Number of protein chains: 2
Amino acid sequence: MRTVSLLVICSMVSLASFSQIEDSLMIRKIADEILINSKAYDNLRHLTKKIGGRLAGSQGMVKAEKWGYQIMQESGADKAWLQECIVPHWVRGGKDEASFKGSTMKKLDVIALGNSMGSGPKGVSGEVIEVRSFDDLEAKKDLVKGKVVFYNYKFNPTFVRTFQAYGDANKYRGQGASMAAKYGAVAAMVRSMSHSADNNPHTGAMRYDSLYPKIPAVAIGLRDADWLSETLAKGKGTIQMKTNGKFLPDTIGHNVIGELKGTEFPDEIITIGGHLDSWDNCEGAHDDGAGCVQTIEVMRALKAVGYKPKRTIRFVLFANEENGLRGGNKYADEAKAKNEKHIFAIESDAGGFTPRSLGFTVSEEQFKKILMWKELIAPYGCSEFTKGGGGADIGPLNRALSTPTGSLNPDSQRYFDVHHARSDVFEAVNKRELELGAVNMAALIYLIDKYGL
Amino acid sequence: MRTVSLLVICSMVSLASFSQIEDSLMIRKIADEILINSKAYDNLRHLTKKIGGRLAGSQGMVKAEKWGYQIMQESGADKAWLQECIVPHWVRGGKDEASFKGSTMKKLDVIALGNSMGSGPKGVSGEVIEVRSFDDLEAKKDLVKGKVVFYNYKFNPTFVRTFQAYGDANKYRGQGASMAAKYGAVAAMVRSMSHSADNNPHTGAMRYDSLYPKIPAVAIGLRDADWLSETLAKGKGTIQMKTNGKFLPDTIGHNVIGELKGTEFPDEIITIGGHLDSWDNCEGAHDDGAGCVQTIEVMRALKAVGYKPKRTIRFVLFANEENGLRGGNKYADEAKAKNEKHIFAIESDAGGFTPRSLGFTVSEEQFKKILMWKELIAPYGCSEFTKGGGGADIGPLNRALSTPTGSLNPDSQRYFDVHHARSDVFEAVNKRELELGAVNMAALIYLIDKYGL
């Protein structure tokens, strides 16, 4: 018995070692394919420079979907298709303007927040009142009527992971206008959600509370925000603001989907994706052109090394993440309606920077299994595996079908320098950093495909 | 007995926990000081934009030393001084030029290698012979006479840590000219040590073997290198090259040193540093302005939070790392002559990028001790502690006095895009990435100061 047990153990151990060596070699092969022959950077150049901004409903969206469909086919998809969804169609409608007039005059670098309503052709003006927080607004609520509320809440530099600073600050962008309108403000101006060293204003989605008037709302660049605050400390002033945003009727957009069909368990689906839409004021290079071209690159590389997945892998460029999430919702709705079996989904939507960690929203048992793969992936950048991971576009899948989700977490230091700002352009992306993101996701997808979850 | 033992254990545990909490709070305090009030970025702007390139012997070197001495004092040094050392004085002497003439003509983007001798005013010309390696040169040695040898050895993209690619390729820059001269070549041209997407040539030190003629040597930009290789595949051609490098007599340079005096063990010295010199063709922002301003920032922050070190901490801006290492040698020589007790030295000379790991050349016992601090530092970026660490400037200290050494290892993906190239400018440095490097070093220095090594 003892001999038999030992033999069994020995063969188990050697099988385990063999498969670990095999996995290590396969991941090296995929990594080399990406680091030597990647198309991700060239694809990103095309998406950003030839197509550019691609907000839901825009011409850019239509062009990007066509490009995505074509590139999925060229990159080796067994099948590619467009999944239709109804998307909102907000337009900026013109140039956003704001100027300060007090003891001195100054044109301010501003941009209307996404989903906000324009001021009308005459613009709106009012005395500026600076508040540091919603508590500060409450304290000053009797002074707000007829004024422009300037939310000067700073992006906290002491959060080492910058997404914490974003989570901490973005309520002023999302809710600030309605909170100010509640007390009679005529417009809202929000300090940009950034700690960049430049003055570019950062847009992003806001939403109105239907109880209050839909007042115009802009983001202001950081240097101008500091200037305004210093100027207001010396005396009063007014802001004249003109914005032109409006909603056109909803229109048709699409998730772009490519698929590699599973050879053993075709009904088990693994999803990897990013979102194809971007704000209109930039090229959407980091947000989220990077996630899109990484997604496509993972497919290209798996095909290029001749890997035949056991399970079905779906590569998805989601529609309308920025101001509606209709793409992510549609994907989940259809998955549920068709009773599809989704075993895992991962999203790259935190910029094309050097990968540092993979985050997972999975069961304890699944997390233990995943942790066993860490040493295989760590050499390529993601040396930390953490609990909690997903993405806006795959969130609906998790909620609808309890699909385990993950996220690629690249280094976050530079993300909010460019996020939703005119500086989010191709030149801000580094070729190797972008490629390494694809390498780390490809390695994970390979392991989940091979061993299940 | 049992009760007593338990009490002892309990008090040890609670002491340990207390001190860990205390350390965690102190490190948080230092980090916040740096992330909120850092002067590192402004200091770097001054060093790069007001002073610029600062090769040993140049006017830039003299200006940088004066600035360094002043900034050490302003940043709170108990004492600051200049440590004199004799430095080499190589000058570029003019504009480096090379052009190709074959079936087509093209001006090539080149830069003379540091320490190389100029071609003379008439330049030098010869048929180009491309080699892929020293082995390839050996195979073609009978064809080399009178020719320009073009080393087209590619920076290997499959090394995830880019310093491995540098280690792999830089022998062609260092020894290529003499290896070619050995077989009668009239000049050498080396593919730049980089995988950047641009065409900037990258200089760096070379050395002649005194057995062979000192032929001119340049680095060529990557796009031009690829073009040249493709063109040569179609037919022969000649290169006309003109460089003007020469050595002037050795001159006087200085290490710039600031010191915080130890309150309990003033004779135990901890050194932290970077090198003040840079190549002349760039602003030396990442190499190694970043290391210098981080070093100064660690001192400023320790003073600002009111920390009184137990041991003496030396903050050193080393002279002449790039083409002589005279500063590092001088520092070690004087330490040895004065019989100083150096317990640890760390260098930041791998760019001002997001910190990822700390490397250590220490004993097993010391490494075990250091590993216990990992959880305190990891939240700020350096989540990996690895064996092997130091720097060119502190290497002599390690060799002379067996001083344990360490290095800050930031993310390496972008370093060789700019290293020794005209693109190594202030704008290539991100404020927060730079600051986080200082945070991680400050945390380590605090722990080593408090607990010894």
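Residues numbered from 1 in each chain as written. Chains lettered and ligands numbered in written order. Predicted model: local features only at pLDDT ≥ 70, side-chain atom pairs only at ≥ 80, totals over all residues.

Peer 1: Talk me through the overall build of chain A; I want residue IDs and the actual numbers.
Peer 2: Of regular secondary structure, chain A possesses 14 helices and 16 strands. Rg of the C-alpha trace for chain A: 24 Å, near the compact-globule value of 22 Å for 453 residues, within the 12% margin. Once the C-alpha set of chain A is aligned to its principal axes, its extents read approximately 90 × 45 × 40 Å. Looking at chain A as a whole, 57% of its 453 residues are labelled buried. Restricting to contacts in chain A with at least 6 residues of sequence separation, those with at least 24 account for 83%. (Helix = DSSP H or I, 4+ residues; strand = E, 2+ residues; numbered from the N terminus. Rg over C-alpha atoms; globule rule 2.2 N^0.38 Å. Buried ≥ 20, exposed ≤ 12 C-beta atoms within 10 Å, placed from the backbone. Contact = placed C-beta atoms within 7 Å.)

Peer 1: Account for the interface of chain A and chain B, with residues named and values stated.
Peer 2: Counting from both sides, the interface comprises 22 residues of chain A and, opposite them, 22 residues of chain B. Elements with a contribution of two residues or more to the side of chain A that touches chain B: helix H1 (2–37) and helix H14 (431–451) of chain A. At four residues, the largest contribution of residues to the side of chain A that touches chain B is made by H14 of chain A.

Peer 1: Go over the packing of helix H2 (residues 40–51) of chain B against helix H8 (residues 285–304) of chain B, please, and point to the residues and values.
Peer 2: Residue and element names in this part refer to chain B. Two elements in contact, H2 and H8, have axes whose closest approach is 9 Å; the angle formed by their N-to-C orientations is 135°. By the criterion of interaxial angle, the relationship of H2 to H8 is oblique. When you trace H2 past H8, the crossing you get is right-handed. On H8, the residues that touch Ala 40, Asn 43, Leu 44, Leu 47 and Thr 48 of H2 are Ala 285, Gly 289, Ala 290, Cys 292, Val 293, Gln 294, Ile 296 and Glu 297. (Axes fitted to C-alpha atoms, helices over the stretch in contact; angles between N-to-C directions. Parallel < 35°, antiparallel > 145°, perpendicular 65-115°, else oblique. Left-handed = near helix turned anticlockwise from the far one by under 90°.)

Peer 1: Give a detailed account of the pairing of strand E2 (residues 97–101) of chain A, specifying residues and quantitative values.
Peer 2: All names here are of chain A. Residue alternation in E2 divides its side chains into a buried set, Ala 98 and Phe 100, and an unburied set, Glu 97, Ser 99 and Lys 101. Pairing of E2 with strand E9 (residues 238–242), which is carried by five bridges, proceeds in the antiparallel orientation. Of the residues in E9, the one forming a bridge with Ala 98 is Met 241. Summarising the sheet, E2 and strand E3 (residues 105–108) pair through four bridges and their orientation is antiparallel. For Lys 101, the partnering residue across the bridge sits in E3 and is Met 105. Hairpin remark: E2 followed by E3, antiparallel, with three residues in the connecting loop. (Pairing = 2+ DSSP bridges.)

Peer 1: Talk me through the pairing of strand E13 (residues 341–347) of chain A; I want residue IDs and the actual numbers.
Peer 2: Residue and element names in this part refer to chain A. Most of E13 sits out of view: six of its seven residues are buried. Bridge count for strand E11 (residues 265–275) against E13 is six bridges, and the pairing is parallel. Its bridge partner lying in E13, Thr 271 is registered against Ala 345. Direction of pairing for E13 relative to strand E16 (residues 405–410): parallel, over a ladder of three bridges. Considered in E16, the bridge of Ala 345 is made with Thr 405.

Peer 1: Go over the packing of helix H8 (residues 285–304) of chain A against H14 of chain A, please, and point to the residues and values.
Peer 2: All names here are of chain A. At a closest axis distance of 9 Å, the pairing of H8 and H14 adopts a crossing angle of 55°. With respect to each other, H8 and H14 are oriented oblique. Every pair of crossing elements has a handedness; the one defined by H8 and H14 is right-handed. For the pair H8 and H14, contact is made by Ala 290, Gln 294, Glu 297, Val 298, Ala 301 and Leu 302 and by Leu 434, Gly 437, Ala 438, Met 441, Ala 442 and Ile 445, respectively. Each residue belonging to the contact of H8 with H14 can be placed in one class, and the counts come to nine nonpolar, two polar and one charged. (Nonpolar A, V, L, I, M, F, W, Y, C, P; charged D, E, K, R; others polar.)

Peer 1: Got a sec to walk through the sheet that holds strand E1 (residues 79–91) of chain B? Specific residues and values, please.
Peer 2: All names here are of chain B. Overall, mixed pairing links the eight strands, which are arranged E1-E10-E12-E11-E13-E16-E14-E15 in an open sheet. Of all strands in the sheet, those bounded by a partner on one side alone are E1 and strand E15 (384–387). Within the sheet, the average angular offset between the axes of one strand and its neighbour, ignoring direction, is 20°. With twelve bridges joining them, E1 and strand E10 (residues 246–260) adopt antiparallel strand pairing. Bridge assignment links Trp 81 to a residue of E10, and that residue is Ile 257. Across the sheet, helix H3 (residues 59–74) is in contact with E1, E10 and strand E12 (311–318); its angle to E10 comes to roughly 5°.

Peer 1: Report on the relation of the copies chain A and chain B, specifying residues and quantitative values.
Peer 2: After a rotation of 180° and a shift along the axis of 0.0 Å, chain A superposes on chain B with an RMSD of 0.0 Å. Each copy turns onto its partner about a two-fold axis. The residues that chain A uses at the interface reappear at the interface of chain B in 100% of cases, marking a shared surface. (Least-squares fit on C-alpha atoms with pLDDT ≥ 70 in both.)

Peer 1: Would you mind going over the environment of Gln 413 of chain A in detail, with residue names and values included?
Peer 2: Its location among the elements puts Gln 413 of chain A in the loop between E16 and helix H13 (415–418). Separated by 218 residues in sequence, Gln 413 of chain A and His 195 of chain A place their C-alpha atoms 9.5 Å apart.

Peer 1: Quick rundown of the environment of Val 256 of chain A? Include the residues and the values.
Peer 2: Residue and element names in this part refer to chain A. Tracing the backbone through its elements, the reader meets Val 256 in strand E10 (residues 246–260). Residues Val 256 and Glu 433 lie 177 residues apart in sequence; the distance between their C-alpha atoms is 24 Å. Residues within four places of Val 256 in sequence aside, it is in contact with Glu 65, Gly 68, Tyr 69, Met 72, Leu 82, Leu 276 and Leu 317.

Peer 1: So what's going on with the confidence of the model for chain A? Residues and values would help.
Peer 2: Atomic detail in the predicted coordinates should be set aside for any region of low pLDDT. Taken over all residues, the pLDDT of chain A has a mean of 96, while the share at 70 or more is 96%. With a pTM of 0.95, the predicted complex shows an ipTM of 0.93. (pLDDT = per-residue confidence, 0-100.)

Peer 1: Residue-level account of unusual backbone geometry, with values.
Peer 2: All names here are of chain A. Asp 287 connects to Asp 288 through a cis peptide bond whose omega is 0°. With a phi close to 60°, Leu 325 is a non-glycine residue in the positive phi region. Mapped onto the fold, Leu 325 is located in the loop between strand E12 (311–318) and helix H9 (326–337). Accessibility expressed as a C-beta count within 10 Å gives 21 for Leu 325, which makes it buried.

Peer 1: Report on the domain arrangement of chain A, specifying residues and quantitative values.
Peer 2: Reports often express the size of an interface as the amount of accessible area lost when the parts come together. Residues and elements named next belong to chain A. Under the domain assignment used here, chain A contains domain 1 (30–90 + 249–451) and domain 2 (93–244). Between the C-alpha centres of domain 1 and domain 2 the distance comes to 33 Å. Between domain 1 and domain 2, the residue contacts involve 15 residues of the former and 19 residues of the latter. Among the elements that line the side of domain 1 that touches domain 2, the one with the most residues is H13, at three residues. Classifying every residue of the side of domain 1 that touches domain 2 by side-chain character gives five nonpolar, seven polar and three charged. (Domains from an automatic or database assignment.)

Peer 1: Please provide a residue-by-residue account of the sheet that holds strand E14 (residues 355–361) of chain A, values included.
Peer 2: Residue and element names in this part refer to chain A. Spatial ordering of the open sheet is given by E1-E10-E12-E11-E13-E16-E14-E15, a layout of eight strands whose pairing is mixed. Two strands close off the open sheet at either side, each with one partner strand: strand E1 (79–91) and strand E15 (384–387). Direction aside, neighbouring strands of the sheet carry axes that sit 20° apart on average. Two strands pair when backbone bridges link them, and E14 and E15 are joined in this way by four bridges, in the parallel orientation. Bridge pairing in E15 links Ser 357 to Glu 384.

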